[in-house]
Amino acid sequence: MKVLDFPLAKITIWFLIGVLFCYYSQPSLNIALSIFIIGLAVFVLSYFLNKRNKKFNSFFGLSTYFVSFFIGVLTLLFHTDSLQKSNYIHCTKAFETPQTITFTLREKLKSNSYNDRFTALINTIDGKVYSGKIIVNIQKDSAGNPIIGDIIKIKTTLQRNSINKNPNQFNYSKYLADKQIFGQVYSNKVEISINKNVKKNIWYYSGRLHSRIVRNLEKSNFNKGEMNVALALILGQQQDISTEIIQDYQYSGATHILSVSGLHVGFIMIFINFILKPIPNTRKGSFIKLISILISLTFFAVISGLSPSVLRSVVMFSFLAIGNHLRRSGSIYHTLLVSMLLILLFEPYFLFDVGFQLSYLALFFIVWLQPLLKTMWTPKYKILTTIWNALTVSFAAQIGTLPLCLYYFHQFPGLFFVTNIVIIPLLSFIMIAGIIVMIFAVFSSPPILIIGIFEKSIYLLNKTIHIVASFEWFVIRDISFNSYYLLTFYLFIISVIIWNKKRDYNKLVFFLISVILLQISIIYTKKEVENKHELIVYNTKRNTLISERKGKEITLFTTDTISKNTILNSYLVGNFSKLKSTQKIKNVLFFNGKKIAVIDSTGIYENKIQPDILILTQSPKINLDRILENLHPKIIIADASNSYAVLKIWKISCLKKNIPFHSTSEKGYYKLN
């Protein structure tokens, strides 16, 4: 049976379309609910008509898809916290003046150089009940550390998520909004008051269990660096891994093994089945195995922090276990669809999580493409067969996730296949040893012998990864890739696979259409790039950056001799451009018939110039009121190289004269087309 012939496949697809439609169009809840009720009534009517007469089968199918679509729409709307009246985002005073806020710590995040970071749930603001998730930043000091479940009281002002201050940067504000986080709190431990009563829920016990494991591992003198990698490999906790190690895993194409996914849960399920092998495959024995597997996977999800990748994998393998118990072979595609639908019904915003997308795409392409790749060569020896199978799995996953990786990360690790061949056997041993160590660590300090073996295997893994990552010339970086490329490349890959599975005229037509669409996307992007002409004033603190773009070529004006930095690099990659030249900033620039005056730290300017735009940089000691009377600019741009105190004074001066004032520190970069 073909996958799309399975009714749930079509229902899931329409559900996903509904979620996407709601995400990008943001329809009204009342309108969506009204249409859904009408659609549901039509669905019920079509069901009874179809039972009496099969001629209404198509009508019943259409009404089913219509209802599925609006279930997707409503699911996302009901899970959008900002639409709830009780959400703290509607308490405007909390973002303007200090308020007494109480919240419960929910999850430990990766700390930075200055703060310990948590996610927390708002309880009250100024005595009134509110809800919603925030990020809490608590300054590091010698005081005791808060724990998950602590109820904290503090008088402070909520900070909204900052917008992108420079073009083509990672949109952190959108990333947090997709996690339903709209604000942050900054504090030190002196300012907070911790309630003696701890909120004991699943998150509290998960945090306590994780802390207990870490304490017992530390008592066993587990090397700190290796222990942090072990916690990521087994429990998915990446908070304390060093930046250098993460970079090595990225460059070697092995980042996926640090995020607990189907690979890790699969190892755990194999290990559990091995332990339960003595139990006979009777009805009672099979039921005992099923319950043991489900409890073990649930326990693993809890101590892993209930992350999206873990939840997806646990749900999927739970369905596989239930299918085996019921003696139903079932299609792996159906298992994937059921697990996806179930997860998204409870957490629809997981659909926009990069890890969730990559996990499902990798699994789907392994199941769909790997059998085809495997038939390309049949080795004579068992060792070669094992290596070939590992290679085909790696290539299938890489092909499936490649366009998405290029779209999000703009780089490609050329030695991914070497990494996977080398580390998979080692990872198998590490996972088994790791599970044994973690089970010991739940109750007491693991034996030193087991810790020593486990620690050395992690060290060997890190060393291997580092060696592969050291061949940096195999890592292709700064690959420009837009949404047009993403869609047409996936269409092209799918058409190639379909045509190779069974070649006929219709599949050849589909393949040729995908090639044409791919070419159109390349041509359209090229034309779009060539027609662009814009000037950008960047938000930089140390020096001033202004770029003029004509098609692909960028001319950079700067106060420093730096020809290229991270901020500019993001802009170049995001716009398919290259740096033509770097020049010192002049006092007068011209762009599209507009005159731009620049006043820097010298404070020198010409009275005769009547600029359309005035750019202020490096905190010049000037009387802006007098300058505005003399130069009559239409808008003032002040970059982040100016001090905060000076910016406040300038803003007031512009308000008096009714002249627009754009501070890049507040509003982000300024773009002139």
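Here is a short report on the structure shown in this document. Predicted model only: the values in this text are computed from it and were never measured.

What counts and what doesn't
Residues numbered from 1 in each chain as written. Predicted model: local features only at pLDDT ≥ 70, side-chain atom pairs only at ≥ 80, totals over all residues. Heavy atoms only, no water. Helix = DSSP H or I, 4+ residues; strand = E, 2+ residues; numbered from the N terminus. Buried < 20%, exposed > 50% of the residue type's maximum accessible area, 1.4 Å probe, protein only. Contact = heavy atoms within 4.5 Å. Axes fitted to C-alpha atoms, helices over the stretch in contact; angles between N-to-C directions. Parallel < 35°, antiparallel > 145°, perpendicular 65-115°, else oblique. Left-handed = near helix turned anticlockwise from the far one by under 90°. Nonpolar A, V, L, I, M, F, W, Y, C, P; charged D, E, K, R; others polar. Salt bridge = Lys/Arg side-chain N within 4 Å of Asp/Glu carboxyl O. Polar contact = N/O pair within 3.5 Å; in protein donor to acceptor, adjacent residues only side chain to side chain.

A few words on the environment of Ile71. In this fold, Ile71 is placed in helix H3 (residues 57-78). The class for Ile71 is partly exposed, based on a relative accessible area of 32%. Setting aside residues no more than four positions away along its own chain, Ile71 makes contact with Phe15, Phe36 and Leu345.

As a packed pair, helix H14 (residues 416-443) and helix H15 (residues 448-469) sit with axes 10 Å apart at the nearest point and diverge in direction by 155°. One finds that H14 runs roughly antiparallel with respect to H15. Here the hand of the crossing between H14 and H15 comes out left-handed. Between H14 and H15, the contacting residues are Thr419, Val422, Ile423, Leu426, Phe429, Ile430, Ala433, Gly434, Ile436, Val437 and Phe440 on the first element and Ile450, Ile451, Ile453, Phe454, Ser457, Ile458, Leu460, Leu461, Thr464, Ile465 and Val468 on the second. When the residues that make up the contact of H14 with H15 are grouped by side-chain class, the tally is 18 nonpolar, four polar and no charged.

What follows is about the pattern of salt bridges. As enumerated under the stated definition, the model contains eleven salt bridges in all. Two residues, Asp126 and Lys93, come together in a salt bridge whose shortest N-O distance is 3.3 Å. Here Lys93 lies in the loop between H3 and strand E1 (99-108) and Asp126 lies in the loop between strand E2 (115-125) and strand E3 (128-129), a separation of 33 residues in the sequence. What makes Lys93 partly exposed here is its relative accessible area of 32%. Notably, a salt bridge pairs Glu553 with Lys580, separated by 3.9 Å at the nearest N-O pair. Pair noted here: Glu553 is in strand E13 (residues 553-558) and Lys580 is in strand E14 (residues 578-584), with a separation of 27 residues, a long-range link. Its relative accessible area of 34% is what places Glu553 among the partly exposed residues. The class for Lys580 is exposed, based on a relative accessible area of 56%. The network of salt bridges with shared partners includes Glu534, Arg549 and Lys671.

Let us look at helix H7 (residues 243-251). Because the α-helix completes a turn every 3.6 residues, residues three or four places apart line up on one side. By the burial criterion, the buried members of H7 are Ile245, Asp248, Tyr249 and Tyr251. Among the structural elements, helix H6 (224-235), strand E9 (412-413), H15 and strand E10 (475-476) are those in contact with the buried residues of H7. Within two residues after H7, Gly253 carries a phi angle of roughly 80°, on the positive side.

Time to look at the side chain of Thr664. With respect to the element layout, Thr664 can be found in helix H21 (residues 664-667). By relative accessible area, which is 0% here, Thr664 ends up buried. Within polar-contact distance, the side chain of Thr664 engages the backbone nitrogen of Ala640 at 3.1 Å. For Thr664, the contacting residues outside a window of four places in its chain are Lys165, Val537, Tyr538, Asn539, Ala638, Asp639, Ala640, Tyr669 and Tyr670.

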